[in-house]
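Chain and residue survey
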Amino acid sequence: MPETDTTFGDYGGQYVPEALMPAIEELTDAYERYVLNNEDGFMDEFRERIRDFGGRPTPLQRADNLSERYDRDIYLKREDLLHGGAHKLNNALGQVLLAKYMGKERIIAETGAGQHGTATAMAAAHLDMPCEIYMGRRDVNRQRPNVFRMRINGAEVNPVDTGRGTLKEAISETMRDWATTVENTHYVIGSIVGPAPFPAMVRDFHRIISEETRRQTREQYGRLPDSVVACAGGGSNTMGIFADFTSDSPFSTAPDSNTDADDDVSLFAVEAGGSSLDVDEERGVAPNSASLSTGSEGVLHGARTKLLQNSDGQIMESHSVSSGLDYAGVGPELAKLVDDERVTPVNVDDDAALEAFHRLSQEEGIIPALETAHALAFLETETDADLGEFVVVNVSGRGDKDLEAALEETAQRDIPNAPAMEVFDE
Amino acid sequence: MSNPAIDAAFADEPAFIPYLAAGDPSYDASLEYVEALARGGADIIELGLPFSEPIAEGSTIQNAIVRSLQGGMTVGRYFEFVTDLDVDVPVVCMTYYNLIYQYGDEPGPEPFVRKAKSVGIDGFVVPDLPAEEADPLREACDEHGLDLVFIVAPTTDDERLDRLVSLSSGYLYVQARLGVTGARDDVSSETTSSLDRLAAYDIPKAVGFGIKTGEHARDIIAGGADGIIVGSALVDIIAEGTEADAPTEETAAELESLCEELKAGALEGAQ
């Protein structure tokens with residue numbers, strides 16, 4: 001059944017300039033035909049490419065040392081092993097392929113940490129489409145390896161100098177480009193944000209994470225998990241792994257969602273608590289990116305959702321040690337699921353995330369993205385038994401891109417489990 | 001349902017509609033600048049209420065918004081600004097939906113519209129509010145007698161056009177070209193074809209995006225427009241004045257002079 005509703009309860013919608021509305025209509029039509037109805041075998045081709053080019057399925061790995069540490073069975077959904085090193089390729093490949101089916105000639109995208117930009121550049125190279133990426137100047141400096149990767153894959157990277165030079169500014173700038181070039185260009189939005197149909201469509205490309213997780217947990221553990229934990233910035237890896245576990249959500253289309261007691265699977269969205277949950281309203285700064293935990297309803301970048309904003313409705317500058325979570329908004333579907341109490345929003349601070357970054361590296365031999373480190377830090381900070389016996393954590397991406405930032409941030413703090421940080425210069 | 005003050009601006013001759021961001025670069029200087037627009041012949045003033053994420057604006061107006069916000073502009077100060085303005089032309093508030101939606105104790109646009117009415121605002125242009133999401137604001141505007149002006153883009157197809165015209169009151173904002181706001185050196189051919197498509201609709205059409213000179217104004221009015229909207233070319237004068245630390249009166253005089261040129265161009269185009 002085509003999903004034509006543009007909202008998730010009160011959230012979502014299409015708050016964009018009129019010049020973009022015809023493209024949004026065209027995209028909605030393409031989403032319904034190709035993604036929801038598999039017209040011309042689109043989804044078959046997507047699944048084939050995400051398998052052969054992307055490397056799916058990704059493993060569900062038992063983390064033996066973490067399991068012992070927390071006295072629970074901790075399993076890691078290894079999206080860091082997807083081609084490109086993050087879950088982002090699911091959506092990027094899906095959208096670039098869709099753009100191709102729609103006859104578009106050019107791809108643009110925004111990126112925060114650079115993982116979405118990298119995935120889009122890779123997908124565009126794979127499918128032979130010209131590609132331009134907008135990235136905040138601050139993020140360009142924090143995430144140089146990904147800038148190089150985008151360029152090496154043939155994408156043009158445009159640094160954005162407005163505001164604080166992070167994801168929020170990059171999205172605004174990409175929307176400006178799109179408003180100018182909308183007739184031949186597709187904007188590959190990198191999370192479950194933006195005007196409808198993006199939030200639903202991006203979720204559907206990432207849904208494959210939860211499809212696999214359901215199958216793998218049954219095969220490997222004999223049942224569904226007690227809880228699923230994922231970090232949430234915009235929320236794409238979160239909704240990717242939550243999608244087929246939200247059986248009480250009207251948006252779930254999981255074919256077998258009624259065969260297990262899905263309501264018993266607790267879903268935790270871990271946000272960036274940054275340095276503090278307090279805000280400086282006068283300066284318009286929130287030293288965190290916890291919009292699900294602390295934000296209020298408003299309209300940003302095409303959708304009504306939960307935002308970090310002041311009492312006037314001006315958008316706050318957000319903060320996280322992880323550029324990938326550093327965004328003042330969140331996907332509208334996630335906002336709805338939190339209001340419905342289906343998803344529990346929690347948050348951990350920068351220090352806890354850095355500690356978890358080192359812990360996973362040391363204990364499991366996996367260097368996680370700083371985004372993922374937030375989800376892992378929640379295992380350490382969560383003391384009551386809500387998580388249950390069997391926990392799946394979505395490892396949204398690998399940490400190679402974050403090495404420079406992680407080392408720099410670690411050196412400035414007292415992180416108890418950090419290795420020696422001195423540079424060997426001779 | 002149109003506001004009589006705005007109807008009157010289009011009644012006898014082409015309307016000249018300048019835009020400035022309120023509070024750019026400071027509250028007091030901006031009052032002088034907006035009043036200079038009126039002296040220069042403005043028939044309606046589009047007065048920007050700055051939003052931190054102006055996705056429809058090019059760099060010129062985006063920078064003006066940053067200057068204004070840094071200068072302390074808030075929604076409350078904006079309403080004071082309109083009250084303090086000494087101009088005898090209708091004022092249309094141009095802003096983004098989140099500021100309208102957040103105002104007051106209850107979510108939704110009604111408290112903002114009520115307050116706007118009380119300070120003398122006559123209508124709204126909201127660039128990130130397409131027809132699909134406009135019903136609550138349209139209803140609030142109808143309740144308080146304010147106009148809601150919709151933007152028609154070169155990409156707007158005939159079906160959408162019918163819908164936009166039926167929702168719009170006061171005038172239609174005809175976007176002269178694809179893209180974001182910003183002064184240009186030529187008049188786009190898209191403008192002419194847009195005006196041809198709109199000719200059959202009985203609502204004033206004001207063209208904006210890229211108009212910079214009296215000559216542009218003349219050509220656009222001669223092409224069938226009922227008004228011209230000019231923002232970036234005026235904001236450029238403020239940006240230059242701010243950068244050069246020029247006296248407020250000097251910048252105001254330059255604004256007035258460009259307004260006179262644009263208004264004269266528009267009048268010439270109507271002949």
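Remember, predicted model here, so these are calculated numbers, not experimental data.

We now examine the confidence of the model for chain B. Per-residue confidence for chain B gives a mean pLDDT of 95; residues scoring 70 or more make up 100%. Note on the complex model: pTM 0.94, ipTM 0.95.

What follows deals with helix α9 (residues 198-206) of chain A. Within α9(A), nine of the nine residues are buried, which leaves the element mostly enclosed by the surrounding structure. Restricting attention to buried positions, one finds in α9(A) the residues A:F198, A:P199, A:A200, A:M201, A:V202, A:R203, A:D204, A:F205 and A:H206.

Time to look at the sheet that holds strand β6 (residues 131-136) of chain A. Residues and elements named next belong to chain A. Taking strand neighbours across the sheet as the criterion, the four strands line up as β7-β6-β5-β8 in an open arrangement whose pairing is parallel. Each edge of the sheet is formed by a strand with only one pairing partner; in this case those strands are β7 (156-160) and β8 (185-187). Neighbour-to-neighbour, the strand axes of the sheet open up by a mean angle of 20 degrees, direction not taken into account. One ladder, built from five bridges, connects β6 with β7; its direction is parallel. Looking at β7, one finds that Y134 is bridged to N158. The strands touched by helix α5 (residues 115-126) are β5 (106-111) and β6; relative to β5, the strand with the most contacts, the crossing angle is about 165 degrees. Across the sheet, helix α8 (residues 167-181) is in contact with β5, β6, β7 and β8; its angle to β5 comes to roughly 160 degrees.

Attention shifts here to the packing of helix α4 (residues 88-101) of chain A against α5(A). For any two helices packed against each other, one specifies the crossing angle of their axes together with the interaxial distance. Residue and element names in this part refer to chain A. One can describe the packing of α4 onto α5 by two numbers: an axis separation of 8 Å at closest approach and a directional angle of 40 degrees. What the angle tells us is that α4 and α5 run oblique. Helix-helix and strand crossings are classified by hand; for α4 and α5 the assignment is right-handed. For the pair formed by α4 and α5, the contact residues are K88, L89, N91, A92, L93 and V96 on the first element and Q115, H116, A119, T120, A123, A124 and H126 on the second.

Let's shift gears to the domain arrangement of chain A. All names here are of chain A. Per the domain assignment, the segments of chain A are domain 1 (17-52 + 88-201) and domain 2 (60-85 + 207-411). The gap between the C-alpha centroids of domain 1 and domain 2 is 22 Å. Contacts between domain 1 and domain 2 engage 32 residues on the former and 37 residues on the latter. Interface area for domain 1 against domain 2, summed over the two sides, is near 2,800 Å², with a carbon-plus-sulfur share of 54%. Three residues stand out in domain 1 for area buried against domain 2, namely R142, K168 and I192, and they jointly supply 23% of the buried area on that side. Applying the counting rule to domain 1 against domain 2 returns five salt bridges. Counting the contacts that link domain 1 with domain 2 gives 14 residue pairs in polar contact (both at pLDDT 80 or more).

Reading the values: rules and limits
The written sequence of each chain sets the order in which its residues are numbered from 1. Ligands are numbered from 1 and chains lettered from A, in the order in which they are written. Residues qualify for local features only when their pLDDT is at least 70, as the model is predicted, and side-chain atom pairs are given and counted only at 80 or more; totals for whole chains, interfaces and linings, by contrast, use all residues. Remark: hydrogens and water are excluded; side-chain values derive from all non-hydrogen atoms of the structure. What pLDDT expresses is the predictor's confidence in each residue, scored from 0 to 100. Per-residue accessibility, obtained with a 1.4 Å probe over protein chains only, is compared with the maximum for each type, and a residue is labelled buried under 20%, exposed over 50%, and partly exposed between these values. Helical segments are the DSSP runs of H or I of at least four residues, strand segments are the runs of E of at least two, and each set is numbered from the N terminus. Following DSSP output, two strands are said to pair if at least two bridges run between them. Note on geometry: axes are C-alpha line fits, over the in-contact stretch for helices, and angles between N-to-C directions span 0 to 180 degrees. Contact definition: two residues touch when any of their heavy atoms are within 4.5 Å. An angle below 35 degrees is treated as roughly parallel, one above 145 as roughly antiparallel, one from 65 to 115 as roughly perpendicular, and anything else as oblique. Each helix crossing is assigned a hand: it is left-handed if the near helix lies turned anticlockwise from the far helix by less than a right angle, otherwise right-handed if that turn is clockwise. Segment limits for the domains were obtained from an automatic or database-derived domain assignment. Buried area: the accessible area, evaluated with a 1.4 Å probe, that two parts lose upon being put together, summed over both parts. Any Lys or Arg side-chain nitrogen located within 4 Å of an Asp or Glu carboxyl oxygen qualifies as a salt bridge. N or O atoms within 3.5 Å of each other form a polar contact, as long as, within protein, one can give a hydrogen and the other can take it, and as long as residues adjacent in sequence are counted only when both atoms are side-chain atoms.

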